[in-house]
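Architecture at a glance
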Amino acid sequence: MSIQNTKIYPINTGWCESDLGTYMFFKGEPGEKIQIPVLCFYVDTGEHKIMVDTGLPDAERATKYHHSCQKKDCLDSPDELRKLGVEPDEIDICIFTHLHWDHTHNMKQYRNARYIAHATEIRWAHNPLPLYYRSYESPMLGIEAPFIGCQFELAEGVAEIVPGVTVFPTPGHTPGHQSVQVETAVGNIVICGDAVFRFRNMEPRPEEHWRYWVQQRFVSMIDGWHSMEEIDRRADFILPGHDEAVMDHPVYPYEGMPLRERRKPVAGAPFYYAGI
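First, a word on scope: everything that follows refers to the structure included in this document. (Residues numbered from 1 in each chain as written. Predicted model: local features only at pLDDT ≥ 70, side-chain atom pairs only at ≥ 80, totals over all residues. Heavy atoms only, no water.)

**Quick look at the overall build of the chain**
Quick reminder of the rule: We count a stretch as a helix when DSSP gives it H or I for four or more residues in a row; a strand needs E for two or more, and each element gets its number in order from the N terminus. For each residue, the accessible area found with a 1.4 Å probe, counting protein chains only, is set against the maximum for its type, and the residue is called buried under 20%, exposed over 50%, and partly exposed in between. A contact between two residues is defined here by any heavy atoms of the two lying within 4.5 Å. Method for areas: the Shrake-Rupley scheme with a 1.4 Å probe, in which residue coverage is limited to the protein chains shown. A residue counts as positive if it is Lys or Arg and as negative if it is Asp or Glu; His and the chain ends are not included. Where a charge sits is defined by one atom per residue type, namely NZ (Lys), CZ (Arg), CG (Asp) or CD (Glu).
For the chain, the count of helices and strands is five helices and 12 strands. Structurally, the chain occupies a C-alpha span of about 50 × 45 × 35 Å along its principal axes. Counting across all 276 residues of the chain, residues that qualify as buried make up 55%. Restricting to contacts in the chain with at least 6 residues of sequence separation, those with at least 24 account for 66%. Counting only carbon and sulfur atoms, one obtains 50% of the accessible surface of the chain, whose full area is about 11,800 Å². Taking the average place of the 26 positive charges on the side chains of the chain and the average place of its 39 negative ones, the gap between the two points comes to 3 Å.

**A few points about the pattern of salt bridges**
Inclusion rule: Salt bridges are defined by distance alone: a side-chain nitrogen of Lys or Arg within 4 Å of a carboxyl oxygen of Asp or Glu.
Throughout the structure, instances matching the rule amount to 19 salt bridges. A salt bridge links Asp76 to Lys71; the nearest nitrogen and oxygen atoms lie 2.8 Å apart. Residue classification places Lys71 among the buried residues on the basis of a relative accessible area of 15%. For the salt bridge of Asp79 with Arg82, the shortest nitrogen-to-oxygen distance reads 2.7 Å.

**Brief notes about the environment of Ile148**
Note that Ile148 resides in the loop between α4 (119-126) and β7 (152-155). In this structure Ile148 comes out as partly exposed when scored by relative accessible area, which is 30%. Along the primary structure Ile148 and Lys108 are separated by 40 residues, whereas in three dimensions their C-alpha atoms are 9.8 Å apart. Every residue in contact with Ile148, bar those within four places of it in the chain, is listed here: Lys108 and His126.

Structure (structure tokens):
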């Protein structure tokens, strides 16, 4: 594999309504609603064609069981992929950051792909806490989750999936969440999944002395903060899971793409973990 050839293509599978205070930001503005994109990513290394997550179902199902959803001009991920000139059967690997409903639909259309998820996430998804029945489309709801019947390869810890593409644990949003580090010609791009919802999550909130303005939707705030620091340590550029600004560019890296400074100190907003 030559990292010179590696490209990442963002795919928007639709729009869901979310709340700034209960989802997007810790102590955000409660009751303020925004429309967020539900993103997945196609990674082409030249030797491998990889999907990172597979996106939303149809709007009717999403709205009935989850959040108000509109497809607008977005298609399901297999059809969006075809617009890029790639058939779903060409995908040889599907990496899942986690197994929530909005990251796993249409996965069975990638019939020739290896499915890879974290071992902890597999256990949790098949037997979630009742508060998370909807997130994993539990059979308690009378529906079948998209991952039922699928055979997964299990990642545990840091694992190189193919040369230049590595998964690493980023729990917090879910117990078995992982993010994907992709080596490119300009540096490491981290596909964050839902460890980072928005670009703004990675920025400080100085008035609170927070190094990151983290999201609100955590099963473990402690793990979630640690995961933010780990992403910060690894990433020259990040691709969050629900930020419309990601779609400003059809492919990453792009010419003139600004790189971030890893673990940049911010006066009055310290890191919590040292030496990672």
